[in-house]
Amino acid sequence: MMSATVTVSGALAQSWAGELQAVLEKGKGPGESVSPVQVERDAGLTVAVIALVFAGVDTAKTIWDWWHEQRPKQAEVVVTVVLADGTRVEVSGVERAELDGIVQRALNRR
């Protein structure tokens, strides 16, 4: 198992994070967990955070697929995965295979 957080920032961060949280909750496997969305506001910037515990790259695929389905509707929203080892990956800046590889390497180091 591995832990990570997903941060969603921007104008629609809270609603987008709520959608992503529901997708992750629906797809979680045995022993995996998805936290409720935590919202932080600072000087006009909204950041929504979801904490995860997951077992494999299926979670990375779920996040990437969700982002790319939403992307045409995106309104300056940034989705970042922060792995337990501190690795930060902005989902819009990677291909799915690259995100899968980053997560798999982090899982292998555990």
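These notes cover the structure that comes with them. (Residues numbered from 1 in each chain as written. Predicted model: local features only at pLDDT ≥ 70, side-chain atom pairs only at ≥ 80, totals over all residues. Heavy atoms only, no water.)

A word on the pairing of strand β3 (residues 38-42)
Right, so step 1: Here β3 pairs with strand β4 (residues 45-54) via five bridges, running antiparallel. Its bridge partner being in β4, V39 is matched across the sheet by A48.
Right, so step 2: Counted between consecutive antiparallel strands, the loop separating β3 from β4 contains two residues, among which A43 sits at a positive phi close to 50 degrees. (Pairing = 2+ DSSP bridges. Helix = DSSP H or I, 4+ residues; strand = E, 2+ residues; numbered from the N terminus.)

Remarks on the environment of W66
Right, so step 1: In this fold, W66 is placed in helix α2 (residues 58-70).
Right, so step 2: In this structure W66 comes out as buried when scored by relative accessible area, which is 4%.
Right, so step 3: Separated by 33 residues in the primary sequence, W66 and S33 have C-alpha atoms spaced 18 Å apart.
Right, so step 4: In contact with W66, not counting residues within four places along its chain, are W16, E19, L20, V23 and V79. (Buried < 20%, exposed > 50% of the residue type's maximum accessible area, 1.4 Å probe, protein only. Contact = heavy atoms within 4.5 Å.)

Let's talk about the packing of aromatic side chains
Aromatic rings in a pair are described by how distant their centres are and how their planes are angled relative to each other.
Right, so step 1: For the coordinates displayed, the defined rule picks out two aromatic pairs.
Right, so step 2: Look at W16 and W66: their rings are 5.7 Å apart centre to centre, the planes differ by 85 degrees, and that puts the pair in the edge-to-face class. Here the residue W16 occupies a position in helix α1 (residues 13-27), and W66 occupies one in helix α2, the gap between them amounting to 50 residues. Taken as a pair, W16 and W66 share a single burial class, namely buried.
Right, so step 3: Through a chain of ring-to-ring contacts, three or more aromatic side chains come together here, namely W16, W66 and W67. (Phe/Tyr/Trp six-rings, centres within 6.5 Å; stacked < 30°, edge-to-face > 60°.)

Keep in mind that these numbers describe shape and distance, not what the molecule does.
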